[in-house]
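Here are the chains, one letter per residue:
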Amino acid sequence: MSLTVKDLEALQAKLGSDYRMELVDGKITVMSPSGYESDEVAFRFGRRLADWVEPNRLGRVTGSSAGFTLPDSNTRAPDVSFVRAERLRRAPRNFAPVAPDLMVEVKSPNDTVEELERKIANFLAQGTQVGILINPEDSTVRVFQSGKEPIILRNGDVLTLPDLLPGWSVAIAELWSPVFDEEP
């Protein structure tokens, strides 16, 4: 039996907002919490992105609870996403009926790089321009675009997306969770 977005919406209404879910290939998957570090890294990336996007009124930046119903009927939720203003003039009350222009996944302890790369590839196949995989375990950021080889960035590098977000940049070293060695 293949489930639909309506089934996903009904299950979410029944279970409440405590459960994050995705609909992939007709199956609903309940997502486990990501872990503290990966959520902090996603928030750090999203905050830096939103700090650029919002004052310039370029579009919308959302976190892991915002779902997208993609053209292939999958409903997925990246850890961070960006949709240009002209593609989503008003925030939908439920799932956005578009593929985001940018989607970001942050590897948590329960994820594998391979499954995250497959998720990014699915988004790119559905119209997403840029997919980013942030891996706190090896301090790398991989940037994916359709038809191009992935770019791997490390500490000391700066991420820019000139075709999508001209003028925006973030230093890779700024994304990682800080370590507080001394008492304040």
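Relevant structure appears above.
Let us look at the structure shown here. This one's a predicted model, so the numbers in the text were calculated from it and none came from an experiment.

About the cut-offs
- Residues numbered from 1 in each chain as written.
- Predicted model: local features only at pLDDT ≥ 70, side-chain atom pairs only at ≥ 80, totals over all residues.
- Heavy atoms only, no water.
- Helix = DSSP H or I, 4+ residues; strand = E, 2+ residues; numbered from the N terminus.
- Buried < 20%, exposed > 50% of the residue type's maximum accessible area, 1.4 Å probe, protein only.
- Contact = heavy atoms within 4.5 Å.
- Polar contact = N/O pair within 3.5 Å; in protein donor to acceptor, adjacent residues only side chain to side chain.
- Salt bridge = Lys/Arg side-chain N within 4 Å of Asp/Glu carboxyl O.
- Core = buried A, V, L, I, M, F, W, Y, C linked by side-chain atoms within 4.5 Å.
- Pairing = 2+ DSSP bridges.
- Axes fitted to C-alpha atoms, helices over the stretch in contact; angles between N-to-C directions.

A closer look at the overall build of the protein
- A tally of regular secondary structure across the protein gives three helices and 12 strands.
- The proportion of buried residues among the 184 residues of the protein is 43%.
- Considering only contacts in the protein between residues 6 or more positions apart, those separated by 24 or more positions represent 53%.

Brief notes about unusual backbone geometry
- The phi angle at Arg57 is positive, at roughly 50°, despite the residue not being glycine.
- Within the secondary structure, Arg57 sits in the loop between helix H2 (36–53) and strand S3 (59–62).
- The phi angle at Ser73 is positive, at roughly 75°, despite the residue not being glycine.
- As for its position among the elements, Ser73 is in the loop between strand S4 (68–69) and strand S5 (75–76).
- Given the relative accessible area of 47%, Ser73 is considered partly exposed.

Remarks on the environment of Ser81
- The residue Ser81 is located in strand S6 (residues 80–84) in this model.
- With 20 residues separating them in the primary sequence, Ser81 and Asp101 have C-alpha atoms 7.6 Å apart.
- For Ser81, the residues in contact, after removing those within four places along its chain, are Arg60, Val61, Thr62, Phe68, Pro100, Leu102 and Met103.
- One polar contact links Ser81 to Thr62, side chain to side chain, over a distance of 2.5 Å.

Brief notes about the side chain of Lys119
- Position of Lys119 relative to the elements: it lies in helix H3 (residues 113–125).
- Of the residues examined, Lys119 reaches a relative accessible area of 6% and is grouped as buried.
- Side-chain polar atoms of Lys119 contact the backbone oxygen of Ala77, separated by 3.1 Å.

Remarks on the pattern of salt bridges
- Inspection of the entire model under this criterion finds seven salt bridges.
- The closest approach of N and O atoms between Glu86 and Arg84, which form a salt bridge, is 2.9 Å.
- In this structure Glu86 comes out as partly exposed when scored by relative accessible area, which is 48%.
- The class for Arg84 is partly exposed, based on a relative accessible area of 23%.
- Among the charged side chains, a salt-bridge network with shared partners connects Arg84, Glu86, Arg87 and Asp101.

Description of the nonpolar core
- Core analysis: the largest hydrophobic core is formed by 25 residues, its most contacted members being Phe45, Leu102, Ile132, Ile134, Leu159 and Leu161.
- The set of elements that each furnish at least two residues to this core consists of H2, S6, strand S7 (102–106), strand S8 (130–135) and strand S9 (140–144).
- In this structure, Ile134 is in contact with Val41, Phe45, Val104, Glu105, Val106, Lys107, Thr140, Val141, Leu175 and Trp176, ignoring residues within four places of it in sequence.
- Counting 15 residues, the second largest nonpolar core, distinct from the first, contains Leu70, Ala99, Leu116 and Leu133.

Here we look at the sheet that holds S9
- Ordered in space as S3-S6-S7-S8-S9-S10, the six strands form an open sheet in which the pairing is mixed. Two strands bound the open sheet, and with one partner strand each, they are S3 and strand S10 (151–153). Strand-to-strand, the axes of this sheet are offset by a mean angle of 15°, without reference to chain direction.
- Across five bridges, the pairing between S7 and S8 is parallel.

So, the environment of Asp163
- Its place among the elements puts Asp163 in the loop between strand S11 (158–160) and strand S12 (169–171).
- For Asp163, a relative accessible area of 68% translates into the label exposed.
- On a C-alpha basis, the gap between Asp163 and Gln129 in space is 9.4 Å, while along the polypeptide they are 34 residues apart.

So, to be careful, I would describe these as geometric facts and stop short of saying anything about function.
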